[in-house]
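# Analysis of the macromolecular model
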Amino acid sequence: MGDDQCRNTIACLELLEIDSAGRRNLLDMAWCVELARTLQSGPSISSILIEDGMAMVAVQCTLFEKSRGKNWLVGMHQDLSIPVAAKVDGGNLRGWSQKEGVWFVQPPVDVLRRMIAIRLHLDPCGLDDGPLKLVPCSHNQGRLDDAAITTLREMHGESTCCLEAGGALIMRPLLLHASSKGSGRSRRRVLHFLFGPPELPCGLAWHKAIPRVAHSCKS
């Protein structure tokens, strides 16, 4: 993301009411849909958003902000829930909840393995700004309980991800990750985009699904 696009995105965020450490459902905003489609078609990222020969759809964008007044930490975890259109019965489903008026559920692990998250940094994120900490290769182990999380963390250690403004971190939601509090002297805003397969099993449907726009060639 270039400097101008960062500034334009921040200007759009400044128009929103954000009381907590972030906000879900940003794909309701036209500017966020356009940004998702830019990621889907960008030459450096588009090939990553192909799974089993199909282009992934954008299904969620969440703002995370750390600053003087919004400082928080997150323990080591996996992202296991997805936003869906409605609650359904049956299937290998667990952890139903509603957040900001949207149903979330933990789908079968095969769905989670096929998903990708892209974290766009709108501000520089150094060691004092609450950067993400990852456990390398942990996404290959499926859904993990607390004991397995501790074991993998001790076995593989952590990698800290510092990025400049405009940088992107691409990860699988099953990857173990955490973050500490920032120093409180800076502002760290991140747009966390989630991409997944166009279709879901078990009678589920995405709450929001933004497909990649096909570009036709005209003579």
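This one's a predicted model, so the numbers in the text were calculated from it and none came from an experiment. (Residues numbered from 1 in each chain as written. Predicted model: local features only at pLDDT ≥ 70, side-chain atom pairs only at ≥ 80, totals over all residues. Heavy atoms only, no water.)

Here helix α1 (residues 3-14) crosses helix α2 (residues 30-41) at 150°, and the two axes come no closer than 11 Å. By the angle between their directions, the pair α1 and α2 is classed as roughly antiparallel. Of the two elements, α1 crosses α2, and the hand of that crossing is left-handed. Across the interface between the two elements, Gln-5, Thr-9, Cys-12 and Leu-13 from α1 touch Trp-31, Leu-35 and Thr-38 from α2. Considering only residue class, the contact of α1 with α2 consists of four nonpolar, three polar and no charged. (Axes fitted to C-alpha atoms, helices over the stretch in contact; angles between N-to-C directions. Helix = DSSP H or I, 4+ residues; strand = E, 2+ residues; numbered from the N terminus. Parallel < 35°, antiparallel > 145°, perpendicular 65-115°, else oblique. Left-handed = near helix turned anticlockwise from the far one by under 90°. Contact = heavy atoms within 4.5 Å. Nonpolar A, V, L, I, M, F, W, Y, C, P; charged D, E, K, R; others polar.)

Bringing the sheet that holds strand β1 (residues 22-23) into the picture now. Pairing in this open sheet of five strands is antiparallel, and the strands run β1-β4-β14-β9-β12 from one edge to the other. Of all the strands in the sheet, just β1 and β12 (168-171) have a single pairing partner and so form its edges. Where β1 lies against strand β4 (residues 57-66), two bridges are found, and the strand directions are antiparallel. From the neighbouring strand, Arg-23 faces β4, where its bridge partner is Leu-63. Sheet strands in contact with α1 are β4, β9 (116-121) and β14 (188-196), and its direction is about 95° off that of β14. Sheet contacts for α2: β4, β9 and β14; angle to β14, the most-contacted strand, approximately 65°. (Pairing = 2+ DSSP bridges.)

Our focus in this paragraph is the confidence of the model for the protein. Of the residues in the protein, 96% have a pLDDT of 70 or more, and the chain-wide mean is 92. The secondary structure element of the protein with the lowest average pLDDT is β1, at 82, and the one with the highest is strand β6 (residues 82-84), at 98. (pLDDT = per-residue confidence, 0-100.)

All right, on to the environment of Gly-184 then. If you trace the backbone, Gly-184 turns up in the loop between β13 (177-179) and β14. Accessibility expressed as a relative area gives 14% for Gly-184, which makes it buried. The spatial distance from the C-alpha of Gly-184 to the C-alpha of Asp-128 is 8.6 Å, given a sequence separation of 56 residues. If near-sequence neighbours (up to four positions away) are discounted, Gly-184 is found in contact with Ser-67, Arg-68 and Asn-71. (Buried < 20%, exposed > 50% of the residue type's maximum accessible area, 1.4 Å probe, protein only.)

Here is a general trend for soluble globular proteins: nonpolar side chains tend to be buried in one another's company. The biggest cluster of nonpolar side chains holds 28 residues, and the ones touching the most others in it are Leu-26, Leu-191 and Phe-193. Counting residues per element, the ones that place at least two in this core are α1, α2, β4, β9 and β14. No other element matches α2, which puts six residues into this core. In this view, Phe-193 contacts Leu-27, Cys-32, Leu-35, Ala-36, Leu-39, Gln-60, Cys-61, Ile-116, Ala-117, Ile-118 and Leu-120; residues no more than four positions away in its chain are not counted. Leu-93, Met-115, Leu-169 and Leu-200 belong to the second largest nonpolar core, which has 24 residues in total. (Core = buried A, V, L, I, M, F, W, Y, C linked by side-chain atoms within 4.5 Å.)

Unusually for a residue other than glycine, Asp-52 sits at a positive phi of about 55°. Among the structural elements, Asp-52 can be located in the loop between β2 (50-51) and β3 (54-55). In this model, Cys-202 sits at a positive phi of 65°, which is unusual for a non-glycine residue. Positionally, Cys-202 belongs in the segment after β14. For Cys-202, a relative accessible area of 31% gives the class partly exposed.

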